Amino acid sequence: MIIQVIGEIPDLLFTQKMDSIRPELFDFHGVSMSHYFTNNWENVQNFQARPDDIVIATYPKAGTTWVSYILDLLYFGQTAPERQTSIPIYERVPFLETARVASKKGKDLADKLPTSPRLIKTHFPIQFVPKSFWEQNCRIIYVARNAKDNVVSYYHFDRMNQAQPEPGDWNSFFHRFMEGKMVFGSWYDHVNGWWKKKQTYSNLHYMFFEDLLEDTGREIDKLCSFLGLSPSVEEKEIVAGKVQFDNIKKNSMVNYSTLSVMDYNISPFMRKGKVGDWRNHFTVAQNEEFDEDYKKKMKDHTLQFRTEI
Ligand code: A3P
């Protein structure tokens, strides 16, 4: 008994030490990253995709969980309703590159997913996506959110999530965002890189947070058409109802309240769920600076975002 306990202590201490410290950002192949998403790099890069895998790709805070939940309901809401009440969304839709010591590695969870199709989440910029997904011609859904609301949401997320780098104050976070010094790098490079890929890779559905909020039913229809699904009108209405902000916010299997690294006393994961909350954070001067910088970085005018709906 004593031997067992002694044997467990160093592991426990190691785990807590590795995971209780906010990580540093570092440059990883030209992208700012934290070690929680690079620790398992080789294994992640060698991930073996299957042709029916479906990837949900986003820059952090663009509506990943929302779309993951929609897909999970569309595929498994009818056939396996118990999933919805017993398995948290981050295990139903594993986060491929996550590799914190105390949690299950996303790649291992994805490997072991019993479902068909497998739904897999990633925040990787386009150049980091494991090649097997391209070789297998997997369907990919990319969700993008306007930069202003995205940076605000990311700020509050980094405040409450102890597994993210120290956010600092709003003004310094705001400037780091413009410099691309965020986990998963530059928002500008991310949304543009995926947009460019869409021009040559037909199995990519590029969608916007703002459109999803404006008309969830319409966006679910577009998703179904991309995925070749034909649920009944009634089923689609049920899905649209379940994924509404107020319902997601109180659903413990979707709102991340089961993860101890997230401190809901600082800010909830499902925080505001709005378009235009940036107005409550940006000063007039910050807004002007942001717009000026944005024009320089966003040269491809075929990619347009709405900061109001
Ligand atoms: P806010 O912080 O602006 O509220 P992700 O899942 O990529 O981390 O994104 C989280 C953001 O999506 C949060 O934004 C969250 O509130 C928002 N979100 C999630 N579900 C939503 C819904 N049904 N309606 C509106 N926003 C939603």
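Every value quoted in this text rests on a predicted model; they were computed, and no experiment measured them. (Residues numbered from 1 in each chain as written. Predicted model: local features only at pLDDT ≥ 70, side-chain atom pairs only at ≥ 80, totals over all residues. Heavy atoms only, no water.)

Caption draft 1: Broad picture of helix α12 (residues 216-227). Helix length check: α12 (12 residues) gives 16 Å between terminal C-alpha atoms against 16 Å at 1.5 Å per residue, within 8%. On its buried face, α12 is in contact with β3 (54-58), α3 (64-76), β5 (139-144), β6 (204-208), α11 (209-214) and α13 (233-242). Of the residues flanking the end of α12, it is Gly228, one or two places downstream, whose phi is positive at about 70°. (Helix = DSSP H or I, 4+ residues; strand = E, 2+ residues; numbered from the N terminus. Expected span 1.5 Å × (residues − 1). Contact = heavy atoms within 4.5 Å.)

Caption draft 2: Structural view of the pairing of β3. Taking burial as the measure, the five residues of β3 include five buried ones, the bulk of the element. What you see with β3 is no split at all: Ile54, Ile56 and Thr58 on one side and Val55 and Ala57 on the other are buried throughout. Relative to β5, β3 runs parallel, the two being bridged by five bridges. Following the sheet pairing, Ile54 is matched in β5 by Arg139. (Buried < 20%, exposed > 50% of the residue type's maximum accessible area, 1.4 Å probe, protein only. Pairing = 2+ DSSP bridges.)

Caption draft 3: Broad picture of the site of the ligand. Taken together, 19 residues lie around the ligand, and Thr64, Thr65, Ser153, Val243 and Lys272 are the ones closest in. Residue Ala62 places a main-chain N or O atom 3.2 Å away from an oxygen atom belonging to the ligand. Within the contact set of the ligand, an oxygen atom lies 2.9 Å away from a side-chain nitrogen or oxygen of Arg145. Here the ligand, which alone exposes 570 Å², has 98% of that area covered by the protein. When contributions to the shell around the ligand are tallied by element, the ones reaching two or more residues are α3, α11 and α14 (245-249). Of the residues belonging to the shell around the ligand, the class tally is nine nonpolar, six polar and four charged. (Near = heavy atom within 4 Å. Polar contact = N/O pair within 3.5 Å; in protein donor to acceptor, adjacent residues only side chain to side chain. Areas by Shrake-Rupley, 256 points an atom, 1.4 Å probe, with all protein chains shown as cover. Nonpolar A, V, L, I, M, F, W, Y, C, P; charged D, E, K, R; others polar.)

Caption draft 4: Molecular detail of the pattern of salt bridges. Counted according to the given criterion, the structure contains 19 salt bridges. The salt bridge involving Asp53 is made with Arg118; its shortest N-O contact spans 2.8 Å. Taken together, the residues span a long stretch of sequence, with Asp53 in the loop between α2 (41-45) and β3 and Arg118 in the loop between α6 (106-112) and β4 (119-122) at a distance of 65 residues. Asp53 gets classed as buried once you look at its relative accessible area, which sits at 0%. Between Lys148 and Asp291 there is a salt bridge; the shortest N-O distance is 2.9 Å. Taken together, the residues Lys148 in helix α8 (residues 147-160) and Asp291 in helix α15 (residues 284-297) connect sequence positions 143 residues apart. Residue Asp291 is classed as partly exposed on the basis of its relative accessible area of 31%. Each of Asp211, Glu214, Arg218, Glu219, Lys222 and Arg306 takes part in one network of salt bridges that share partners. (Salt bridge = Lys/Arg side-chain N within 4 Å of Asp/Glu carboxyl O.)

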